[in-house]
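# What the coordinates show
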Amino acid sequence: MQIIRHPAEMTAWAKEQAKAGHRIGLVPTMGFFHEGHLSLMRRAGQLADFVAVSLFVNPTQFGPQEDLAAYPRNFERDCAMVEAAGVSVLFAPIAAEMYPAGFSTTVAVGAELTGQLCGASRPGHFAGVATVVCKLFNIVQPDVAVFGQKDFQQLAVIRRMTADLNLGVEIVAHPIVREADGLAMSSRNTYLLPQQRESALSLSRALALARTIAAEGERSTERLTTVLRDFIHSFPETEVDYISFVHQDTLQQVAEIDEKTVIALAVKIGGRVRLIDNGLVL
Ligand code: AMP
C-alpha cells in the first residue's frame, strides 16, 4: 500500500490508473478506523480495481466550539488497518496543502438539504463537507465513491452536489455497521466514559421503539417524537439535539410516516459527546 501526502502526487497516480483503464474507488474518511470504515473499503474494492482511502480531519467542517483538536487520531494503527483491508493508496494530506494561503472557494449545497437536522445544529458543517469532498473528487478522480448511511444527511448532500456539478462520480451508499448491542460504530464512541456507554444505546433503542410503535399502526410523527424524547431522556446524561422524521430523498419533515420516512436522531451524551443514528421507520 502506498501512502501519498501531496495532492499533485495523488492526481498523478489517479491519471496513471485511468490511462491503464483501471477503475478507482474512493472512501473519504477522517481516520481512527473501525469496522464501519473497513466495510466501506471492502465494498469499494468490489466496485473498482483499486481503492484509495483519504484520511483528512477536515478543519472546515468543525465549528469553533467543536472537537477538531480532540478528534481521535492514530495514524500507525489506521495504516495497518487499511493495508489489511486491501486498500491501494492511503491519501493523507496536510491541511496547509488542502487549503493553501489564499484559498477562498466554498461549495455550498442549498438550504433545502443543509438547513435542518445536523445542518441546523452545526452551521457551516455541510459547506465544509461539500467543499472537501469536491476537492477530493478532483484530486483522486474516482469512478465510484462509497459513503456510509450513518451520515445520512451528508450522503444526500454529496449526491446533490455530485449531480449539480456534473462531477461524474458514482455515489454508493453503505448500510450502518453496528456493535453487537446495536450502537452505530463511530470514531466518537471512544469519547464515551464507561458509565455513558449504556446511554449511547438510547439512539438505536429509540429507532427500534419507533419501529415497534409504527408497526402497531401509529403514523403521527408528533406523537412518536414525544414518546421517543421521553424514552431517550430516561437514559442518564442524555440530551436530545433533534428527533426528525423526514423523507429519505428530500430530507423534508413529514407529519405522517410512510415507507420512505427516515427517522434521524442526534443526542448529546454527558454534555459533550454528540452521536447520530437513523433508519427507515417502516
Ligand atoms: P468519518 O471518518 O466518521 O468521517 O466517516 C467516513 C465514512 O465512513 C463516512 O462515509 C461515514 O458515513 C462512514 N461511516 C462511519 N461510521 C459508519 C458506520 N458505523 N457504518 C457505516 N458507515 C460508517
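The name an unreviewed UniProt entry assigns to the chain is Pantothenate synthetase, from the organism Candidatus Electronema aureum. Here is the UniProt Catalytic activity (unreviewed entry) comment for the chain, exactly as written: "(R)-pantoate + beta-alanine + ATP = (R)-pantothenate + AMP + diphosphate + H(+)". The heading Subcellular location (unreviewed entry) in the UniProt record of the chain holds the text "Cytoplasm".

## What about the overall build of the chain?
A count of helical and extended segments in the chain gives ten helices and nine strands. Computed over the C-alpha atoms, the radius of gyration of the chain is 19 Å, within 12% of the 19 Å expected from 2.2 N^0.38 for a compact globule of 282 residues. The buried share of the chain, taken over its 282 residues, is 54%. Within the chain, contacts between residues separated by at least 24 positions form 72% of all contacts whose residues are at least 6 apart in sequence. Taken as a whole, the chain presents about 12800 Å² of accessible surface, with 52% of it coming from carbon and sulfur. Each charge class in the chain can be summarised by its mean position, and for the 25 positive and 30 negative side chains these summaries are 2 Å apart.

## Considering the pattern of salt bridges
In the structure shown here, the tally under the stated rule is ten salt bridges. We note a salt bridge from Asp67 to Arg188, for which the minimum N-O separation is 2.8 Å. Of this pair, Asp67 sits in the loop between β3 (50-55) and α3 (75-84) while Arg188 sits in the loop between β6 (170-174) and α9 (197-215); the two residues are 121 residues apart in sequence, bridging distant segments of the chain.

## Regarding the packing of aromatic side chains
By the definition in use, this model includes six aromatic pairs. For the pair Phe62 and Tyr71, a centre-to-centre distance of 5.9 Å together with 75° between the ring planes defines the contact as edge-to-face. Each member of the pair, Phe62 as well as Tyr71, carries the same accessibility label: buried. Each ring, one from Phe231 and one from Phe235, has its centre 5.4 Å from the other, and the planes form 75°; the classification is edge-to-face.

## Some remarks on the UniProt feature "binding site: (R)-pantoate" (unreviewed entry) in the chain
Here the UniProt feature "binding site: (R)-pantoate" (unreviewed entry) sits at Gln61 and Gln154. In sequence the annotated residues extend across 94 residues, while in space they remain close, none of their C-alpha pairs exceeding 11.4 Å. Secondary-structure assignment places Gln61 in the loop between β3 and α3. Look at Gln61 and you get buried, because its relative accessible area is 9%. Among residues more than four places away in sequence, those in contact with Gln61 are Met30, Glu66, Arg122, His125, Gly128, Val129 and Val132. A distance of 3.0 Å separates polar atoms of two side chains, one belonging to Gln61 and the other to Asn58. Residue placement: Gln154 occurs in helix α8 (residues 152-164). For Gln154, a relative accessible area of 17% translates into the label buried. Those residues in contact with Gln154 that sit more than four places away from it in its chain are Phe126, Val129 and Phe147.

## Notes on the sheet that holds strand β7 (residues 238-247)
Strand order in this open sheet of three strands is β7-β8-β9, and the pairing throughout is antiparallel. Looking at strand neighbours, the two that pair on one side only are β7 and β9 (273-280), the edges of this open sheet. Strand after strand, the sheet turns through a mean of 15° between neighbouring axes, direction not considered. Of the strand pairs in this sheet, β7 and strand β8 (residues 261-269) are connected by nine bridges, and their pairing is antiparallel. Among the inter-strand pairings, Tyr242 is bridged to a residue of β8, identified as Ala266. Running over the sheet, α9 touches β7, β8 and β9 and is turned about 20° from β9.

## Re the site of the ligand
Taken together, 16 residues lie near the ligand, and His37, Gly148, Asp151, Val177 and Met185 sit nearest. Here Val177 contributes a backbone N or O atom positioned 2.8 Å from a nitrogen atom of the ligand. Relative to its unbound accessible surface of 490 Å², the ligand loses 93% to contact with the protein. Elements represented by at least two residues in the shell around the ligand include exactly β2 (24-29), α2 (35-47) and β5 (144-148). Classifying every residue of the shell around the ligand by side-chain character gives nine nonpolar, five polar and two charged.

## Let's talk about the confidence of the model for the chain
Averaged over all residues, the pLDDT of the chain equals 98, while 100% of them reach at least 70. Mean pLDDT values for the elements of the chain range from 96 in helix α6 (residues 118-121) up to 99 in β5.

Procedures and definitions
- Residues numbered from 1 in each chain as written.
- Predicted model: local features only at pLDDT ≥ 70, side-chain atom pairs only at ≥ 80, totals over all residues.
- Heavy atoms only, no water.
- UniProt positions renumbered as here; feature names shortened; annotations may be inferred.
- Helix = DSSP H or I, 4+ residues; strand = E, 2+ residues; numbered from the N terminus.
- Rg over C-alpha atoms; globule rule 2.2 N^0.38 Å.
- Buried < 20%, exposed > 50% of the residue type's maximum accessible area, 1.4 Å probe, protein only.
- Contact = heavy atoms within 4.5 Å.
- Areas by Shrake-Rupley, 256 points an atom, 1.4 Å probe, with all protein chains shown as cover.
- Lys, Arg positive; Asp, Glu negative; His and termini not counted.
- Charge placed at Lys NZ, Arg CZ, Asp CG, Glu CD.
- Salt bridge = Lys/Arg side-chain N within 4 Å of Asp/Glu carboxyl O.
- Phe/Tyr/Trp six-rings, centres within 6.5 Å; stacked < 30°, edge-to-face > 60°.
- Polar contact = N/O pair within 3.5 Å; in protein donor to acceptor, adjacent residues only side chain to side chain.
- Pairing = 2+ DSSP bridges.
- Axes fitted to C-alpha atoms, helices over the stretch in contact; angles between N-to-C directions.
- Near = heavy atom within 4 Å.
- Nonpolar A, V, L, I, M, F, W, Y, C, P; charged D, E, K, R; others polar.
- pLDDT = per-residue confidence, 0-100.

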